[in-house]
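Given next are the chains, with one letter for each unit.
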Amino acid sequence: MNPLFSALGFAPADILIPRNCDLHKWSVVACDQYTSQPEYWQRVEETVGDAPSALRLILPESRLGQPDTAQTIAGINAAMETYLAQGLFRELKDSLIYVERWLDNGTLRRGLVGVVDLERYDYTPGSGALIRATEGTVLSRIPPRVAVRRNAALELPHVLMLMDDGDRTVIEPLTLETDEMERLYDFDLMERGGHITGYRLTQEQTDYVAEQLAALAQPRLFEEKYHAPGRAPLLFAIGDGNHSLASAKASYEEKKGTPQEALARYALVELNNLHDDSLTFEAIHRVCFDVDGERLISALLEYYPGSFVGEGEGQRLPFVTQSREAVVTVPNPPSQLPVGTLQGFLDAYLPTVGGRVDYIHGEDVAYELGREPGNIGFLLLPMEKDELFKTVIFDGVLPRKTFSMGEAQDKRFYLEARRIK
């Protein structure tokens, strides 16, 4: 491996790809999608049937907390061992995979699959690590994910990691060099997932990636780019899958000093360029279930004195209930972003009255759920993606679930795997 990678926190890996199976049925969307739409996962079950599938190796979050969760995790671990024993995977030693994903909207997203060194990653707010989370981590969400990973033989990645490569020096040049690469897979994803093609980089191309990433990581260039003298360089920010990578970190800490430490230190991710034309930041909306919407709005107005229902100067919090659609305006918000203002209230209010909040990708879904009896939906505007790195550098992590990179069907689909045991 090129020694430059050792200082970057991102590197080639021994990657497993499935073979001799229907990849359309194998590859399924990230487990944290469609959490309030069980019918989606039922359709996936029907599509997969008895075929080998990543669906058997993940735990959709819609099933977290069910009485049979422990039994389900044991079944996942058993399925991993079975697939390995059956020789379902081909191993690509010390490799990077270049991915081209044509999304449902017709745009092309380019990425590189490799591993993150969890020693170079930190999700703690205010961290100076080379690789950082972009959103606040809910610590209570980590243990169930660690439980899935604890005895697992494999990991499958849905983490999308970002770099701020405005000159497009790392990934984009590879687009013109696919004829020199080995094509690994090329198929249509299910459920409006688009089309995906993967290529194995040559050694020369891998060395090129290392050199270009090392150039991005130079402290002097970092200080000039962000006007951040004296601040610790930030090379990579986690765009999607913050809690999954935080769980991998927690699992690694748990396995230090054991024979599993060396494998647990790394986690598979897909690296994307923030400036890829396909990457758009979508708002993540909030829907509160089992609440009195009018009482909640009254409490919100009381929580932020001077706020009112209607348009005016300040932050806008549009909402919908069974009976109406309106906007709460907060003239003197405590947060730089409306999502932070709303989340601060919900975190204080819901534990006192009951009910729950879910984080919904897609305005149409949030709107329909918000109109159901006993619910209220808040429809938020997205942040500008150019604000991301500067905000993380100067202000720390954003409020959790601030943004989403694309719609739910655009999230990463599980495809590659890696041994972690």
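In case you missed it, the structure is sitting above this.
On a predicted model such as this, the values are computed, not experimentally measured, just so you know. (Residues numbered from 1 in each chain as written. Predicted model: local features only at pLDDT ≥ 70, side-chain atom pairs only at ≥ 80, totals over all residues. Heavy atoms only, no water.)

Student: When you look at the overall build of the protein in this model, what are you seeing that I'm missing?
Tutor: Broken down by element type, the protein carries 12 helices and 21 strands. Expected size for 421 residues packed as a compact globule is a radius of gyration near 22 Å; at 22 Å, the protein falls within 12% of this value. In terms of principal-axis extent, the alpha carbons of the protein reach across some 60 × 55 × 45 Å. For the protein, buried positions account for 56% of its 421 residues. Within the protein, residue pairs in contact and separated by at least 24 positions form 77% of the contacts whose partners lie at least 6 positions apart. (Helix = DSSP H or I, 4+ residues; strand = E, 2+ residues; numbered from the N terminus. Rg over C-alpha atoms; globule rule 2.2 N^0.38 Å. Buried < 20%, exposed > 50% of the residue type's maximum accessible area, 1.4 Å probe, protein only. Contact = heavy atoms within 4.5 Å.)

Student: How do you make sense of a negative patch on the surface when you look at a structure like this?
Tutor: On the surface, a cluster of negative charge is contributed by Glu363, Asp364, Glu368 and Glu372. Structurally, the position occupied by Glu368 is in helix 11 (residues 363-370). (Patch = residues over 30% accessible without salt bridge, like charges linked within 9 Å, V, L, I, M, F, W, Y side chains within 5 Å. Areas by Shrake-Rupley, 256 points an atom, 1.4 Å probe, with all protein chains shown as cover. Salt bridge = Lys/Arg side-chain N within 4 Å of Asp/Glu carboxyl O. Lys, Arg positive; Asp, Glu negative; His and termini not counted. Charge placed at Lys NZ, Arg CZ, Asp CG, Glu CD.)

Student: I'm lost on the packing of aromatic side chains in this one. Help?
Tutor: Two numbers describe a pair of aromatic rings. These are the distance of the centres and the angle of the planes. Counting across every chain of the model gives 15 aromatic pairs. Seen from their ring centres, Trp26 and Phe89 are 5.7 Å apart, and the 80° between their planes marks the pair as edge-to-face. Here the residue Trp26 occupies a position in helix 1 (residues 23-26), and Phe89 occupies one in strand 3 (residues 89-95), the gap between them amounting to 63 residues. For the residue pair Trp26 and Phe89, the accessibility class agrees, reading buried in each case. Where Phe319 meets Phe378, the ring centres are 6.3 Å apart and the plane angle is 50°; that geometry is what we call tilted. Placement of Phe319 in strand 16 (residues 315-320) and of Phe378 in strand 19 (residues 376-378) is noted, with a sequence separation of 59 residues between them. Of the residues examined, Phe319 reaches a relative accessible area of 3% and is grouped as buried. (Phe/Tyr/Trp six-rings, centres within 6.5 Å; stacked < 30°, edge-to-face > 60°.)

Student: Got a minute to help me understand the environment of Asn375 in this structure?
Tutor: Along the chain, Asn375 falls in the loop between helix 11 and strand 19. On the basis of relative accessibility, which here comes to 7%, the residue Asn375 falls in the buried class. Once the C-alpha coordinates of Asn375 and Glu81 are considered, the two residues, 294 residues apart in sequence, prove to be 42 Å apart. At a separation of 2.9 Å, a polar atom in the side chain of Asn375 contacts the main-chain carbonyl oxygen of Leu369. (Polar contact = N/O pair within 3.5 Å; in protein donor to acceptor, adjacent residues only side chain to side chain.)

Student: How should helix 2 (residues 38-48) be read in this particular structure?
Tutor: Residues that lie three or four places apart on an α-helix share one face, since the helix turns once every 3.6 residues. Along helix 2, the residues that are buried comprise Tyr40, Trp41, Val44 and Val48. Each buried residue of helix 2 lies within a common arc of 90° when the element is viewed along its axis, so the set occupies one face. Exposed residues on helix 2 whose side chains face more than 90 degrees from its buried face are Pro38 and Glu46. On the buried face of helix 2, the contacting elements are helix 1. Just past helix 2, the residue Gly49 takes up positive phi, approximately 60°. (Arc of directions from axis to C-beta.)

Student: How should the nonpolar core be read in this particular structure?
Tutor: Across soluble globular proteins, you tend to see nonpolar side chains buried next to one another. Core analysis: the largest hydrophobic core is formed by 91 residues, its most contacted members being Trp26 and Leu112. Top element by residues in this core is helix 3 (residues 69-85). It accounts for 6 residues. With 40 residues, the next largest nonpolar core counts Tyr226, Leu350, Ile376 and Leu398 among its residues. (Core = buried A, V, L, I, M, F, W, Y, C linked by side-chain atoms within 4.5 Å.)

Student: Honestly, empty space enclosed by the protein in this entry has me stumped. Any pointers?
Tutor: For the structure on display, the rule yields 4 cavities of 30 Å³ or more. Of the voids in this model, the largest cavity is the one considered here, and its volume is about 440 Å³. Surrounding the largest cavity, 26 residues form its lining, Arg145, Val148, Arg149, Leu156 and Ser244 being those nearest its centre. If you list the elements that add at least two residues to the lining of the largest cavity, you get helix 4 (142-150), strand 8 (154-155), helix 7 (242-255) and strand 13 (266-273). The residue inventory of the lining of the largest cavity, partitioned by class, reads 19 nonpolar, 3 polar and 4 charged. Computed from the structure, the second largest cavity encloses a volume of approximately 190 Å³. Contributing to the lining of the second largest cavity are 21 residues, with Asp32, Asp240, Gly241, Asn242 and Lys401 lying nearest its centre. For the lining of the second largest cavity, the secondary-structure elements that each account for two or more residues are strand 12 (236-240) and helix 7. By residue number, the principal contributor to the lining of the second largest cavity is helix 7, which donates 3 residues. Of the residues belonging to the lining of the second largest cavity, the class tally is 4 nonpolar, 8 polar and 9 charged. (1 Å grid on protein atoms, 1.4 Å probe; cavity = no way out; pocket = protein on both sides within 12 Å on 5 of 7 lines; lining within 4 Å. Points joined across faces, edges and corners; volume = space filled by probe spheres on them. Nonpolar A, V, L, I, M, F, W, Y, C, P; charged D, E, K, R; others polar.)

Student: Sorry, what's going on with the pattern of salt bridges here?
Tutor: As enumerated under the stated definition, the model contains 23 salt bridges in all. In this structure, Glu254 and Arg150 form a salt bridge, with 2.9 Å as the shortest nitrogen-oxygen distance. One end of the pair, Glu254, is in helix 7; the other, Arg150, is in helix 4, with 104 residues separating them in the sequence. Note on Glu254: relative accessible area 39%, which makes it partly exposed. Close ionic contact of Arg200 with Glu182 constitutes a salt bridge, the shortest N to O distance being 3.9 Å. In this pair, Arg200 is assigned in strand 11 (residues 195-200) and Glu182 in strand 10 (residues 182-188), connecting sequence segments 18 residues apart. Each of Glu119, Lys249, Glu253 and Lys256 takes part in one network of salt bridges that share partners.

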